[in-house]
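Below, each chain spelled out in residue letters.
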Amino acid sequence: MPRPRSPLSRLFTVLLAGLLAGLVLAVAALPGNLLAGVATKAALGAYDELPAALRTPVTPQRSYLYANDGNTLLTTFYDVNRTDVPLAEIAPVMRQAIVAAEDRRFYSHGGADLRGLARALVANVTGGSAQGGSTLTMQYVRNVLKTDPSRTAAERQAATEQTVGRKIQEIRYATALEDSLSKDEILNRYLNIAYFGSGAYGIAAASQRYFGKAPADLTLGEAALLAGLVQSPDAYSPIDGDRNAALDRRGYVLDAMVATGAITETEAARARAEKVTLHPTAQPNGCVATQTDDAGFFCDYLRRWWLEQPAFGATAEEREQALRRGGYRVVTSLDPDVQATAVSQARKVYADDNKRALPIAAIEPGTGRVLAMAVNRQYGVADKQTVNPLISGGGSVEGYQAGSTFKLFTMLAALEAGKPLSTGFDAPSRLPTRYAADGEGSCDGRWCPVNANPERMDGYRMMWDGFGRSVNTYFVWLAEQVGEDKVVEMAQRLGITFRAEADAAFAANDAANWGAFTLGVAATTPLDLANAYATVAAEGMYCTPTPVQSVTAPDGTTVPVGQPSCKQVLEPDVARAATDAARCPVGQQSAYGQCNGGTASGVDRIVGRPVAGKTGSSEKNATETFVGFTPQVAAAGIAANPDDPSDLVGAPVQSQVIAAVARTIRTAVDGEPVRDFAAPSRELAGNPQRPEPPRPSPRPTGPSQQQDQGLPPDVLRWLQNRRG
């Protein structure tokens, strides 16, 4: 504990120290000033309340980003490379070395060392090296005031000016600090703020920068070398300055430690003979310097999220400063293993320098935590790199068409409207609709979607095999039954964001006539798509995507951000029914045994446990998509050319996209308990009775009332002609 002193004792100390400090400055730099009167005047008005920055230091510190294991470092953010550590985590020899080098009487003076000031005065008068006589406490005061972010630039600059008034103020603050803090507290604060050269502020950053180790692990020789840097950090730095000067200064510190009794002559000799082995470690700074499997795109997503959180400041600029100077410990949601698999799989499909890309996102159902964001690109600003958010969207990235994966929203809207999975329709190869259209894809002035593979898709379908075989005409018909506006609203409810201006306008003003929406003509992103399917996996629980698990402030308190933010947006039975149908595309079987073929049947073999999902191909195979999910993870990948939608990726890449996403899912669930999907109710399953195949004769003369009930007149006429 600090020793209490009487006001008279403190006043005498400040008066005498101020006089000596004035004389030191006068002899060293300011001859001719009348200093004694200034010192007396300042001392008599002394003991003002300490500035807030000295009572509670607000020193800029590096923020750390870790993967979800809390140990794998992704990157750091900083303007100033500094991290505070408690005194107990600093090697005792380091504490002894800094005291011996900078303030041998640290433990005996009261903040201003009268002997030191007198010694500096004598040295300056006799022509020795110019000295200032500052104690560690005075140096600490100076360092705080020159870096205090709450002060103006002019005020920070004034903290280092060689003036009598500034020196006396420094003494006053130092003596007041010594009355309120213990010596160890002051030493700890000093070691955490001192500049050691080569961009390292504080002992934690310095020990990492020079030796690649924690300050608790410093040897005597290493500690002496670091302590010697403080007097002239840039000149003595063994990395950026004069290595020989650094060694000479180390020898001085070792001699000083012998003089203070901290070490013996023998220990000093051994340390002096110790070869300096540097392990220069440049701390990563920002998203371009991520350390784990090209997590730059995830890092960028986190930074964008951070800038939207009011907990870190009132403005985006304040939040940016909080990230770069606030000293936060951020445990993100990124899973290193899932990320590594997603990156390697994306690069198996397309090389880094390919104009086409396969962005992949993985997310945890029920929490919204983003597990991976990968793409066959390097995050950065160099040639053939990019900082565009290819996986999450934003800025100039509107997204990509995801094709038939949007049929999920039509199925959900129909189920919510009370239509069971057994809802049947004799799906034709080509379906005239009520939507006006010209040119290719139209018939008699109407939009006429077609099935990509009539042999496998045409015929009587229910939701199970309509979804499994991706039957366009079935889902366009189904969307007409429930209303396209309901389908669009369902997509938005599950988190699909319309970033393209045309899509947003259609959704807002004419959703009821957006006939092609169910075929996935709107642009989306892998992250949005994965999270929409994750909502179904979580039985209708939508969770806002989040890139963090926890954020801890420098004082150890938890910042209340990033916790799962979830709400029920679907009845659980509706979600279960959609999942039951989504078992069909991936080669598995529904609870009601109605799957009879799928577009991604190999997924079952790759994942090896209950899984569901859907493929999607946009028009002319401009993009190829697959999204899959288990109860524990959902993942989506979209192959596209981000810069040129007219560059068609082609149908052959679909199988590679499917495999890439499926293997990402497999990694995510590896080691997790096998969980099955809950079966939907019999009510939503309906009565899956398929009609008997039509007999050769007699030929029908009109539409089947049972099968075609509710069809638009134009479709009925088309069916009459087809059957006739």
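Quantities reported herein were computed from a predicted structural model and do not represent experimental measurements. (Residues numbered from 1 in each chain as written. Predicted model: local features only at pLDDT ≥ 70, side-chain atom pairs only at ≥ 80, totals over all residues. Heavy atoms only, no water.)

Visitor: Hey, could you go over the sheet that holds strand β17 (residues 548-552) for me, with residue numbers and the actual values?
Guide: Judged by pairing direction, the sheet is mixed, and its four strands sit side by side in the order β2-β1-β5-β17 without closing on themselves. Across the chains shown, the open sheet's two edge strands, defined by having one partner strand only, are β2 (73-77) and β17. Strand after strand, the sheet turns through a mean of 15° between neighbouring axes, direction not considered. Here strand β5 (residues 329-332) pairs with β17 via four bridges, running antiparallel. (Pairing = 2+ DSSP bridges. Helix = DSSP H or I, 4+ residues; strand = E, 2+ residues; numbered from the N terminus. Axes fitted to C-alpha atoms, helices over the stretch in contact; angles between N-to-C directions.)

Visitor: Report on the nonpolar core, specifying residues and quantitative values.
Guide: The biggest cluster of nonpolar side chains holds 107 residues, and the ones touching the most others in it are W306, F409 and M411. The biggest single contributor to this core is helix α24 (residues 526-537), with eight residues. M411 has contacts with L421, M463, F467, F475, L478, A578 and A581, leaving out every residue within four places of it along the chain. Grouped together as the second largest cluster of nonpolar side chains are 63 residues, L191, A206, L225 and V258 included. (Core = buried A, V, L, I, M, F, W, Y, C linked by side-chain atoms within 4.5 Å. Buried < 20%, exposed > 50% of the residue type's maximum accessible area, 1.4 Å probe, protein only. Contact = heavy atoms within 4.5 Å.)

Visitor: Tell me about helix α18 (residues 407-416), residues and numbers included.
Guide: Within α18, nine of the ten residues are buried, which leaves it mostly tucked inside the rest of the structure. When we look at burial in α18, the residues that qualify are K407, L408, F409, T410, M411, L412, A413, A414 and L415. G418, located one to two residues past α18, shows a positive phi value of around 100°.

Visitor: Lay out the sheet that holds strand β21 (residues 634-639) in plain terms, naming residues and giving numbers.
Guide: On the basis of which strands lie adjacent, the open sheet formed by five strands has the order β7-β6-β21-β20-β19 and antiparallel pairing. Each end of this open sheet is capped by a strand with a single partner; those strands are β7 (370-374) and β19 (612-617). Averaged over all pairs of adjacent strands, the angle between strand axes in this sheet comes to 5°, irrespective of strand direction. Bridge count for strand β20 (residues 624-629) against β21 is six bridges, and the pairing is antiparallel. Counterpart to F626 in the pairing with β21 is G637. Helix α27 (residues 654-669) rests against β6 (360-363), β19, β20 and β21 of the sheet, and its axis sits at about 25° to β20.

Visitor: Can you explain a negative patch on the surface? Please cite residues and give values.
Guide: A contiguous patch of negative charge, built from D69, D337, D670 and E672, is present on the exposed surface. Mapping E672 onto the fold places it in the loop between α27 and α28 (682-685). The class for E672 is partly exposed, based on a relative accessible area of 40%. (Patch = residues over 30% accessible without salt bridge, like charges linked within 9 Å, V, L, I, M, F, W, Y side chains within 5 Å. Areas by Shrake-Rupley, 256 points an atom, 1.4 Å probe, with all protein chains shown as cover. Salt bridge = Lys/Arg side-chain N within 4 Å of Asp/Glu carboxyl O. Lys, Arg positive; Asp, Glu negative; His and termini not counted. Charge placed at Lys NZ, Arg CZ, Asp CG, Glu CD.)

Visitor: Explain the side chain of R209 to me, using residue names and the numbers behind them.
Guide: Relative to the helices and strands, R209 is located in helix α10 (residues 203-211). Among buried charged residues, R209 stands out as having no salt bridge; its nearest opposite-charge side chain is D240, 4.9 Å away. Ignoring anything within four residues of it in the chain, the contact list for R209 reads S198, A200, I239, H279, P280, T281 and A282.

Visitor: Can you tell me about the pattern of salt bridges, naming the residues and giving the values?
Guide: Going through the model one piece at a time under the given rule, you end up with 21 salt bridges. The partner of K486 in a salt bridge is D485, and the shortest N-O contact between them spans 3.9 Å. Classification of K486 by relative accessible area gives partly exposed; the value is 46%. When the shortest N-O distance is used, the salt bridge between D528 and R499 registers 2.9 Å. Of this pair, D528 sits in helix α24 while R499 is found in the loop between α22 (484-493) and α23 (501-509), placing the two residues 29 residues apart along the sequence. Overall, D528 belongs to the buried group, its relative accessible area being 9%.

Visitor: An account of the packing of helix α6 (residues 136-147) against helix α9 (residues 183-193) is requested, with residue identities and associated values reported.
Guide: In the contact formed by α6 and α9, the axes pass within 9 Å of each other and the chain directions differ by 50°. Here α6 lies oblique to α9, going by the angle between them. For the crossing formed where α6 meets α9, the hand is left-handed. For the pair formed by α6 and α9, the contact residues are L136, T137, Q139, Y140, N143, V144 and T147 on the first element and I186, L187, R189, Y190 and I193 on the second. (Parallel < 35°, antiparallel > 145°, perpendicular 65-115°, else oblique. Left-handed = near helix turned anticlockwise from the far one by under 90°.)

Visitor: A description of the environment of Q309 should follow, citing residues and the corresponding values.
Guide: On the secondary structure map, Q309 appears in the loop between α15 (296-306) and α16 (316-325). We classify Q309 as buried; its relative accessible area is 15%. C-alpha separation for the pair Q309 and R319, spaced ten residues apart in sequence, amounts to 7.6 Å. Residues contacting Q309, with those up to four places away along its chain left out, are R319 and V561. Of the polar contacts made by the side chain of Q309, one reaches the backbone oxygen of W305; its length is 3.0 Å. (Polar contact = N/O pair within 3.5 Å; in protein donor to acceptor, adjacent residues only side chain to side chain.)

Visitor: Kindly report on the packing of aromatic side chains, identifying the contributing residues and their values.
Guide: Throughout the structure, instances matching the rule amount to 22 aromatic pairs. Judged by centre distance (3.7 Å) and plane angle (5°), the ring pair of W306 and F312 falls under stacked. Each of the two residues, W306 as well as F312, counts as buried. Grouping aromatic residues by their ring pairs yields a cluster made of F406, F409, F498, F506, W514 and F517. (Phe/Tyr/Trp six-rings, centres within 6.5 Å; stacked < 30°, edge-to-face > 60°.)

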